[in-house]
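# Structural characterization, general
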Amino acid sequence: MSKLHKFNVKTLLAIVVVGYLMILTIHTKGATAHNGHVFLFENSLNDTVPARVSKKITLENGEEDTLRIDSIPKVDTLKISKDSIDAPIKYNAEDSGVLVIATRQFYLYGKAKMDYKDMKLDAATIKYDQETQEIRAYGGTDTANNPLNKPHFDQGETKTISDTIAFNTKSGKALIQNTFLQEGEIYVNALKLKKINADEAFAYRARFTTCNLDTPHFAFRTARMKIVANKMGISGPAFPEFEGVPMPIGIPFGLYPLERGRHSGIIAPAFITSEDFGIGLEGLGFYKVINENIDMTTKANLYSYGGWLVNLNSKYLMRYKFAGNLNLTFQNTKMLNRSGLAKDEFSGSKSFMINWSHTSDTRARPGTQFGASVNFGSTKFNKSLLNNPYQNFNNQLGSSINYSKDWYGKYNLSVNANHNQNSNTGLVNMNLPTVNFNMVTIYPFQKKEGVGTPKWYEKIGLGYSGNLQNQFSFYDTAFNLRRMLDTVQWGAQHNIPITLSLPSLGPITISPSISYEERWYGQRNFKTWNAAKEKVDTAIQKGFYTARQMSFGIGVNTRIFGTYQFKHSKNIKAIRHEVRPNFSLNYKPDMAGPFHYSTQVDTSGRQYRFSQFDGGIMGSFGEGKFGGIGFGVDNLLEMKVLDKSDSTGVATKKVKLIDGFGFSSSYNMMADSFALGNFNIYARSTLFDNINITAGANLDPYMIDSKGYSVNKLLFDPTKLKFGRITSANLAISTSFKSKTKDEKAGKDSKDKKELPMDPFMTPDEQQRQLQFARANPAEFTDFNVPWSLSFSYSLNYTRTLKPDYSGFINQIYSSVNFNGDFTLTPKWKMGGTGYFDFNVGKIQQISMFITREMHCWQLAINITPIGMYRSFNITLNPKSGILRDLRINRSRTFSNY
C-alpha cells in the first residue's frame, strides 16, 4: 500500500466503486457514494490554509472563554471532471473487489454485476479502467475446466453471451469475442462482434438463425453482417445449413427486418398453379402504416390466363371513440373452358365485394351508438374465389347500418339501413331507412310520492312502440331504375299496450292486458282470376291506407313442482319435475274483415281468401273474431346425482335432462269452423353436458283435401297415434368430443392454450382468410397437447308452402351434416379434416383434410380439398419466425368442377 497515492490537506480524494467501478483520485476531486450509487463532483477551492477565527463566549458560571473556528471559503463553482461518468453505476460481486489507485483501475471477482444507464453486465471478472473509461469482462472455468459465468451483456433489447467483452463507456463502442447475440427474433453467433454505437454492430464470420437452441436446426452463414437495432439486419453472401450440414446453394445478400410493432413493407406472394386459372402469384402486396390510427393493406392475385384480383383493406381505430375496418375487392375472373362445348376458349366475369364494419365506443357519447356491418357485392363473387370452400357455398349476403339514441332509459330511437341478397336468384332487397321508437311503460295514475298501499289503478301501465319501414328491390344482373322504383314500398306500425300489474294470489300470477295496434300502408293488392290465361293476376294500387286491430286478454300462470326420490340407488338420488302451465282468456274484434275478399284460384272454381295488404312490407291482420282461450304447458326435468369428483362421497349435483319441453295452442269459441288453433310443439335439451338438441314442430289438427287445403274435420285418432298434420318442423343436434390433454392426464393444469385471435372488426372474408392462415400455419394454432377431437352438427328442416299458382302445396325438406375432427399421430404429427354432407343430393358437397408437422422452429402443412367447387392441394414448409416466414417452400395446385 506504500505505492498508493498520499492524501494532503489541499486534496479531496473520492473513490467511487459502483457497477463498473470507478476511482477518482485527482487533485480537487470529490465523490460521494450511497448504497452502491456513485455521484461525482469537483470543487474549486482556494489554495491556502483555512484561517482561524477567535470568538469570546460567556460560560454558565459567568467566566469568559475563547472559541476558535476554522474558516473555509465558500464554493463558487462546481466543475465536472472530464473523465468522470455521467450516470450512477450499480455494482455487486460475490468474491471481492480490488482498487488500484496508482493505475486508476478497479477489479470485481466472482459473479460480478454492474448496471450503467440501459446497460447490464454480468461476468466472472470485470475490470474497469478510469483513465481510458474502458470496461473488460471475462468468463471463468470450473474445476473441470468447463466455461463458467460467461459475460452477459444487455443494452436495450440487444442481448449477448460472449467469451470476452471490451466496452468503452464514453464512446459506446465495444469489441466482443465469440458472441451469441439476440436481436428481436434473430440469434447471431459471431467470431467477432464490433459495436460502433448503441444501435449498430458489425459481425465477422457470423451464423444467424431464428432457432433458439444452442445447436440450431438451421442457420445461415456469412462472412460479414451488419445489425441495426430495431430496424434491419444486412448480410453479404449467405449459405444455409441444416443440422450443421452446409448446403451448396446460397443467396447473394440478405435483408432481415427487425422493426417491432407496425411498420410498412412488402408482402411476399405465394406461387400457385391451376388448370382453370393458369400459373399465378397470390397475396402479392404492400402494407402501409398511414398514421397511428389508420393502416392499409393492398394485395393482388395475378394469373397467367389473364385473371386477377385486387384487395384493399384498411383498419382504423380512435381509442375511446370508434374503430372499424373497410375491405374492397375487385375480381376479374378468366377461366379455361375445359369441357369443349363452349365456343370460346375462356370464360370470364367481373365482380366486386364491399365489406365495412364499424363500432363506436359508448364512452365517447353516452346514450348514442353507431355501428355498421356491410357485406355487399356481386352474386358471382363467392363462386369465383379460389381455395375458399366456405364462401363458395355461401349464397346469402346481409348488411346492417344502425344508429341509436337513448334518453335516460325512458325513450329509445333507432335508425337502420338493411340489405339482404340471394346469390342464386340475384335478388337484392334494400330496407332503408327503418326507424324504431320505443317508450318504456309509464304509470300515469301513479303518485309522485307513494304513501301507504297503492291503489289498483296506480299500477295501470301504458307503453308505445312505433316502426317505419321502406323497401325496394332489384336484380343485380339486370338493374333498371324504373323497375326498381316500381318495387318501392313503405309502411308504419304503431303499438300501444296497456297493462295492469296485480299482486300474486299465492302461486298464481294474473296479468290482464289491452293492446291497440295500427298499421299504415303505401299500397294494396287485388288478386283476380284471369280466365283466358287460367291464372291469378295481381293489381297494385299506390296510396295511403290504414288498418287497425285491438285485443283484450287476461293471463294466468303458475309453477308446479314434483320430486321422486330414489332410495335404493347409489348414484341417482332424485328426479325433479317442474310444470309451468299457462292459461289466458282473449277477445279480438274483427276489425280487419273489410280488407279481406275471396278470389278464384284454379279452374275448378276454388275460392281463396286474400287480404288487400298481403305481400306488404308490414304484413296483414288476420280476419275474423276471436273469443276464446289460449293454453300451453312448459316442462323442466332435472336429476340429482352423486358427484363423483367430490372426495367426501356425499355431495350431489344437478343434471338437466330436459331444458324445456311443451306446447301451446288456442281455441276460438266464436268461430263457426276451424275453432282449434295449430299446436306449436318444442323441445330443447343438453344431454351429458355435451349434446345440444333443439326441436320444434307446428301441428295442424285438421284434415286436408286432395289439393292440400284444410277441411273442417279434426284429424285426431289416438289409437293410430294421429294428432294432426305437421306443417313445419326443425331439428338441430350438435356435439363435440375431445380427449384429455397430456397435462390433465398428468394431473396438471393446462392453462396455455393456443387460440385463434378474435377481431370484432373482421369481415367474413377476413375471418375465412384467417382460418386459412391457421391451417397453413398449424404450429401456431393447432394444440398438439390434445390427442384427438371430434365435432359434428346435424340440421333438418321441413316446410309446407303454398305453390305460386295456388294449385296446391309443396313439401320441402333440407337436411345436412357438418363434421370436423383431428387426432395426433405422434407428438409432432397431427392430421384432421372437415366436411359437409347434403342429404338432399345424397353426397358430400365439400371436404378438406390437413396434415401438420411441428418442427420446433419450422412447420410443415399439407392441405387437400378433394371434393368441392374447387379441388386443390397445398404443401408449405417454412420457418415459424415472422421475419423469415416468406422464406418458404410452397407447392399449390387448384382444379375446378365446372
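Residues numbered from 1 in each chain as written. Predicted model: local features only at pLDDT ≥ 70, side-chain atom pairs only at ≥ 80, totals over all residues. Heavy atoms only, no water.

### Brief notes about the overall build of the protein chain
Looking only at helices and strands, one finds 5 helices and 55 strands in the protein chain. Residue burial in the protein chain is summarised as follows: out of 898 residues, 36% are buried. Surface accessibility of the protein chain: about 52200 Å² in total, with carbon and sulfur atoms responsible for 58%. (Helix = DSSP H or I, 4+ residues; strand = E, 2+ residues; numbered from the N terminus. Buried < 20%, exposed > 50% of the residue type's maximum accessible area, 1.4 Å probe, protein only. Areas by Shrake-Rupley, 256 points an atom, 1.4 Å probe, with all protein chains shown as cover.)

### Remarks on the packing of aromatic side chains
Each aromatic ring pair is summarised here by two numbers: the centre-to-centre distance and the angle between the ring planes. Enumeration according to the criterion identifies 32 aromatic pairs in this entry. Centroid distance Phe837 to Phe839: 4.8 Å. Interplanar angle 75°. Geometry classified as edge-to-face. Assessed through its relative accessible area of 43%, Phe839 is described here as partly exposed. Site record: aromatic cluster; members linked through ring pairs are Phe526, Tyr597, Tyr608, Phe610, Tyr709, Tyr806 and Phe809. The positively charged end of Lys334 is found above the aromatic ring belonging to Phe346, 5.2 Å away from the centroid. Taking the ring centre of Phe621 as reference, the NZ or CZ of Arg519 above it sits at 4.1 Å. (Phe/Tyr/Trp six-rings, centres within 6.5 Å; stacked < 30°, edge-to-face > 60°. Lys NZ or Arg CZ within 6 Å of the ring centre and 35° of its normal.)

### So, the side chain of Glu517
Take Glu517: it is sitting in strand 36 (residues 509-530). At a separation of 3.0 Å, a polar atom in the side chain of Glu517 contacts the side chain of Arg519. Residue contacts for Glu517: discarding those within four places in its chain leaves Gln493, His494, Asn495, Ala547, Arg548, Gln549 and Phe621. (Polar contact = N/O pair within 3.5 Å; in protein donor to acceptor, adjacent residues only side chain to side chain. Contact = heavy atoms within 4.5 Å.)

### Re the side chain of Glu638
Considering the arrangement of structural elements, one finds Glu638 in strand 42 (residues 626-642). On the accessibility criterion, Glu638 (10% relative accessible area) is buried.

### Points about a nonpolar patch on the surface
Among the surface-exposed residues, Ile442, Leu462, Ile496, Ile498, Ile514, Phe552, Tyr587 and Met670 lie close enough to one another that they form a single nonpolar patch of about 570 Å² accessible area. Note that Phe552 resides in strand 37 (residues 535-557). Taking the relative accessible area as the measure of exposure, Phe552 reaches 32% and is therefore partly exposed. (Patch = residues over 30% accessible without salt bridge, like charges linked within 9 Å, V, L, I, M, F, W, Y side chains within 5 Å. Salt bridge = Lys/Arg side-chain N within 4 Å of Asp/Glu carboxyl O.)

### Concerning the pattern of salt bridges
By the definition in use, this model includes 20 salt bridges. Put simply, Lys226 and Glu200 hold a salt bridge, and the shortest N to O gap is 3.7 Å. Taken together, the positions of Lys226 in strand 18 (residues 218-228) and Glu200 in strand 17 (residues 200-209) put the pair 26 residues apart, joining distant regions of the chain. Here Asp705 ties to Arg606 by a salt bridge, and the two come within 3.0 Å at their closest N and O atoms. Here Asp705 is found in the loop between strand 46 (702-704) and strand 47 (710-714), whereas its partner Arg606 is found in the loop between strand 40 (596-600) and strand 41 (607-611), with 99 residues between them in sequence. A single network of salt bridges, built from pairs that share partners, joins Arg559, Arg576, Glu578, Arg580, Asp634 and Glu638.

### Points about the pairing of strand 43 (residues 652-668)
Put simply, side chains in a regular strand alternate between the two faces of the sheet. As judged from the 14 bridges shared by strand 42 and strand 43, these two strands associate in the antiparallel manner. Each residue of the ladder has a partner; that of Leu637, found in strand 43, is Ile658. Relative to strand 44 (residues 679-687), strand 43 runs antiparallel, the two sharing 5 bridges. Paired with Ser664 across the two strands is Asn680, which belongs to strand 44. (Pairing = 2+ DSSP bridges.)

### Thoughts on the state of the cysteines
Enumeration over the complete set of coordinates arrives at 0 disulfides. The structure places no disulfide on Cys211, whose sulfur is separated from the nearest cysteine sulfur, that of Cys857, by 3.6 Å. (Disulfide = S-S within 2.5 Å.)

### Some details on the pairing of strand 30 (residues 368-377)
In terms of strand pairing, strand 29 (residues 346-360) meets strand 30 through 7 bridges, oriented antiparallel. Paired with Asn355 across the bridge in strand 30 is Asn375. Two strands pair when backbone bridges link them, and strand 30 and strand 31 (residues 396-407) are joined in this way by 6 bridges, in the antiparallel orientation. Directly across from Phe370, in strand 31, lies its bridge partner Tyr403.

### Topic: the environment of Lys231
Mapped onto the fold, Lys231 is located in the loop between strand 18 and strand 19 (232-235). In sequence terms Lys231 and Glu259 are 28 residues apart; their C-alpha atoms lie 4.6 Å from each other. Not counting residues within four places of it along the chain, the set of residues in contact with Lys231 comprises Tyr256, Pro257, Leu258 and Glu259.

### Section: the environment of Gly307
Considering the arrangement of structural elements, one finds Gly307 in the loop between strand 26 (294-303) and strand 27 (308-318). Counting along the chain gives 43 residues from Gly307 to Lys350, while the straight-line C-alpha distance between them is 9.6 Å.

### Focus on the nonpolar core
Formed by 40 residues in total, the largest nonpolar core has its most connected members in Leu121, Ile126, Val188 and Phe208. Those elements that place two or more of their residues in this core are strand 7 (105-116), strand 8 (119-129), strand 9 (134-138), strand 14 (164-168), strand 15 (174-183), strand 16 (186-195), strand 17 and strand 18. Judged by nonpolar contacts, the second largest core, of 9 residues, contains Tyr545, Ile617, Met618 and Phe621. (Core = buried A, V, L, I, M, F, W, Y, C linked by side-chain atoms within 4.5 Å.)

### Considering the confidence of the model for the protein chain
Across the protein chain, the average pLDDT comes to 81, with 84% of residues at 70 or higher. Predicted confidence for residues 1-53 stays below pLDDT 50, and this span has 141 contacts to residues more than four positions away or in other chains. Contacts for the low-pLDDT stretch residues 750-758, under 50 throughout, to residues beyond four places or in other chains number 14 contacts. (pLDDT = per-residue confidence, 0-100.)

### Details of the environment of Thr273
In this structure, Thr273 sits in strand 24 (residues 270-274). Along the sequence, Thr273 and Thr894 sit 621 residues apart, while their C-alpha atoms lie 6.4 Å from each other. Other than its neighbours up to four places away in sequence, Thr273 contacts Gly278, Ile279, Arg891, Ser892, Arg893 and Thr894. One polar contact links the side chain of Thr273 to the main-chain carbonyl oxygen of Ser892, over a distance of 3.0 Å. Within the structure, the side chain of Thr273 is placed 2.8 Å from the side chain of Arg893, a separation counted as a polar contact.

### Some details on unusual backbone geometry
Leu432 connects to Pro433 through a cis peptide bond whose omega is -15°. Mapping Pro433 onto the fold places it in strand 33 (residues 427-442). In the Ramachandran plot, Glu534 falls in the positive-phi region, its phi being about 55° despite a non-glycine side chain. Turning to its location among the elements, Glu534 is positioned in the loop between strand 36 and strand 37. The backbone of Tyr806 shows a phi angle near 60°, a positive value even though the residue is not glycine.

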